[in-house]
Amino acid sequence: MGRFDQHFLMDIDTIQDYAKEKLHLFAPDEPLLCEDLGDGNINYVYRLKSKKTGKSFVLKHADVRTRSKASEVSLDRIRIEAEALILQGTLAPGFVPEVYHFDIVMGCIVMEDLYDYENMRAALCRRERFPKFAEDITTFLAQTLIRSTDLVIPPEEKKELMKKFINPSLCAITERKVFNDPFSDFSGRNKPFPPIRKFLEHELYEDEALRLEAAKMKEIFKNSAQALIHGDLHTGSIMVRQDSTMILDPEFAFYGPIGYDVGNVIANLVFAWISAYADMPAGEQREAQLSYLKETIEAVPDLFRRKALTIIHREATEHMTEAAGVPEWYLDDVLTDTAGFAALELIRRVIGSAKVRDLTCIEDENNRAFAEKFCILLAKDIIFHRKKQYHDGASYTAAMERFVSCQTERR
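Quantities reported herein were computed from a predicted structural model and do not represent experimental measurements.

Here is what the cut-offs are and how they apply
Residues numbered from 1 in each chain as written. Predicted model: local features only at pLDDT ≥ 70, side-chain atom pairs only at ≥ 80, totals over all residues. Heavy atoms only, no water. Helix = DSSP H or I, 4+ residues; strand = E, 2+ residues; numbered from the N terminus. Rg over C-alpha atoms; globule rule 2.2 N^0.38 Å. Buried < 20%, exposed > 50% of the residue type's maximum accessible area, 1.4 Å probe, protein only. Contact = heavy atoms within 4.5 Å. Areas by Shrake-Rupley, 256 points an atom, 1.4 Å probe, with all protein chains shown as cover. Lys, Arg positive; Asp, Glu negative; His and termini not counted. Charge placed at Lys NZ, Arg CZ, Asp CG, Glu CD. Expected span 1.5 Å × (residues − 1). Arc of directions from axis to C-beta. Polar contact = N/O pair within 3.5 Å; in protein donor to acceptor, adjacent residues only side chain to side chain. 1 Å grid on protein atoms, 1.4 Å probe; cavity = no way out; pocket = protein on both sides within 12 Å on 5 of 7 lines; lining within 4 Å. Points joined across faces, edges and corners; volume = space filled by probe spheres on them. Nonpolar A, V, L, I, M, F, W, Y, C, P; charged D, E, K, R; others polar. Salt bridge = Lys/Arg side-chain N within 4 Å of Asp/Glu carboxyl O. Pairing = 2+ DSSP bridges. Phe/Tyr/Trp six-rings, centres within 6.5 Å; stacked < 30°, edge-to-face > 60°. Axes fitted to C-alpha atoms, helices over the stretch in contact; angles between N-to-C directions.

### Some points on the overall build of the protein
Scanning the protein from N- to C-terminus turns up 14 helices and 10 strands. The C-alpha atoms of the protein give 22 Å as radius of gyration, which agrees with the globular expectation for 411 residues (22 Å, within 12%). Principal-axis analysis of the C-alpha atoms gives the protein an extent of 65 × 55 × 45 Å. Burial status across the protein gives 57% buried among its 411 residues. Long-range pairs, those at least 24 residues apart, make up 72% of the contacts in the protein with a sequence separation of at least 6. Roughly 17,400 Å² of accessible area belongs to the protein as shown, and the carbon and sulfur atoms make up 50% of that amount. Between the averaged position of the 54 positive side-chain charges in the protein and that of its 66 negative side-chain charges there is a distance of 3 Å.

### Overview of helix α8 (residues 208-223)
Compared with the 22 Å implied by 1.5 Å per residue over 16 residues, the 23 Å span of α8 between its first and last C-alpha is a close match. The complete set of buried residues in α8 reads L210, E213, A214, M217, K218 and F221. Looking down the long axis of α8, one finds its buried residues gathered within 145° of arc, a one-sided arrangement. When the buried face of α8 is taken as reference, the exposed residues oriented beyond 90 degrees from it are E208 and N223. Buried residues in α8 make contact with α6 (168-180), α7 (197-205), β10 (254-256), α9 (258-279), α11 (326-351) and α13 (365-384). Regarding α8, its N-cap is D207, as a side-chain oxygen of that residue lies 3.1 Å from the backbone nitrogen of A209 further along.

### Topic: empty space enclosed by the protein
What the rule picks out here adds up to one cavity of 30 Å³ or more. Considered as a void within the structure, the largest cavity measures approximately 50 Å³ in volume. The wall of the largest cavity is formed by K177, D181, R189, N190, R348, G352, S353 and A354. Its residues placed into classes, the lining of the largest cavity shows one nonpolar, three polar and four charged.

### Brief notes about the pattern of salt bridges
Going through the model one piece at a time under the given rule, you end up with 37 salt bridges. Across the salt bridge formed by E213 and R386, the nearest N and O atoms sit 2.9 Å from each other. Separated by 173 residues along the polypeptide, E213 in helix α8 and R386 in the loop between α13 and α14 (393-410) bring together distant segments of the chain. Across the salt bridge formed by K294 and E401, the nearest N and O atoms sit 3.8 Å from each other. Here K294 is found in helix α10 (residues 284-315), whereas its partner E401 is found in helix α14, with 107 residues between them in sequence.

### Brief notes about the pairing of strand β3 (residues 56-61)
If a strand is regular, its side chains alternate between the two faces of the sheet. Counting buried residues in β3 gives six out of six residues, a clear majority hidden from the surface. The two faces of β3 match: S56, V58 and K60 on one face and F57, L59 and H61 on the other face are all buried. Strand direction decides the pairing type here: strand β2 (residues 44-50) and β3, joined by six bridges, are antiparallel. From the neighbouring strand, Y44 faces β3, where its bridge partner is H61. Where β2 folds back onto β3 in an antiparallel hairpin, the turn is made up of five residues, including G54, whose phi is positive at roughly 80°. Note that β3 and strand β5 (residues 108-112) share five bridges and pair antiparallel. When the sheet's bridge partners are listed, F57 is paired in β5 with E112.

### Brief notes about α13
When the terminal C-alpha atoms of α13 are compared, their 29 Å separation across 20 residues agrees well with the 28 Å that a helix rising 1.5 Å per residue should span. Of all 20 residues making up α13, 16 are buried, and the element is well covered by its neighbours. Residue D364 occupies the N-cap position of α13, its side-chain oxygen lying 3.0 Å from the main-chain nitrogen of N366.

### Some details on the packing of aromatic side chains
For the structure on display, the rule yields 14 aromatic pairs. Ring geometry for F57 versus Y100: centroids 5.2 Å apart, planes at 85°, classification edge-to-face. One end of the pair, F57, is in strand β3; the other, Y100, is in strand β4 (residues 99-103), and 43 residues separate them in sequence. Classification of F57 as buried rests on a relative accessible area of 8%. Both rings, one in F179 and one in F221, keep their centres 5.2 Å apart while their planes meet at 45°; by these two values the pair is tilted. Linking F179 in helix α6 with F221 in helix α8, this pair joins segments that are 42 residues apart in sequence. We note that F179, like F221, is buried. Connected via pairs of aromatic rings, a cluster forms that spans F179, F221, F254, Y260 and F341.

### Some words on the sheet that holds strand β1 (residues 32-36)
The strand order across the open sheet formed by five strands is β1-β2-β3-β5-β4, and the pairing between neighbours is antiparallel. With partners counted over all chains shown, the strands left at the sheet margins are β1 and β4, one partner each. Going from strand to strand, the sheet's axes swing by 20° on average, the running direction of each strand aside. Relative to β1, helix α1 (residues 12-23) is tilted by about 130°, and along the sheet it contacts β1, β2, β3, β4 and β5.

Spelled out as structure tokens, the structure:
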């Protein structure tokens, strides 16, 4: 049996040996640099670079335990990620890195190195702006999501894809972190910001009506197999340049509700907006950042809906989409779900263990408390009124302005 014929957790030295023996992307005697890029909780990520030519690739390596050692998780997630990237690259060319190698035994994907891109969450925390982002992300969402529904592809093909992308261990993580933990502290996994602990307990744990709406959204998440969704589409999974957007890390991919991906994008832009509002000094730069983020938030649901309708009208194979009003009805339901999932993402990132840097980077405790309370109050309004009010971008930003004003008056 060869050295890499049975899975084990590799380190930097072993990764270089693996690259030379298995990848055929470098010459056998080519000197390599191996850099650890990983800062996530689940996988190990390295950059392999030739000292001679400068050619580089990214290698993602999965172990049977998460990188944080918090739990065991199936190695099949690396297959799902590789196959999702390949399919997304077909459905929406130019928006995901190219996959060069996949090894199920060692749990490795080797892909294009996006060395000249930057992580979007980090860039937004530095108050950078990306004017093409709304156009790019909505093109990616419409093309990958709508083109993987049985509105467009034959139902037999969709059901085969559903089987291929069954992802129980990663879905279980989402179901716990998004739908269970934020609404009770029985597990002790929640990590509330101490100055607003009582506020969170009252607004979340004691609100039975909210728990009911969260339970409804959980049923949709578990049982609405509309499209192949990314499953973890936040600004930390997006790489950006001024002229381009790339989407990474679809290891949570499965056949689920379209609104989950769209809602997560909206919620994470809201985090960036309230972070800028609460933390930036007054002045032109603050106003410019807030204006950019507001316009982007408004654009995401509106552009997505428009592009999704275009794809349905042009590419649908489902005969019933020819009936008047069917595509519009379908997308109205998607946008209702979008709002519900956006609300749950806002809630879980405040109280749960998976924080976002947009909020934690706010050093002033009062400003951070203000931002986190805003997220909870906005989220509750969204989830309670998702069926009637939150079907366009302006409804989100109007509510944001309303709740930030209410919070400011109380300070």
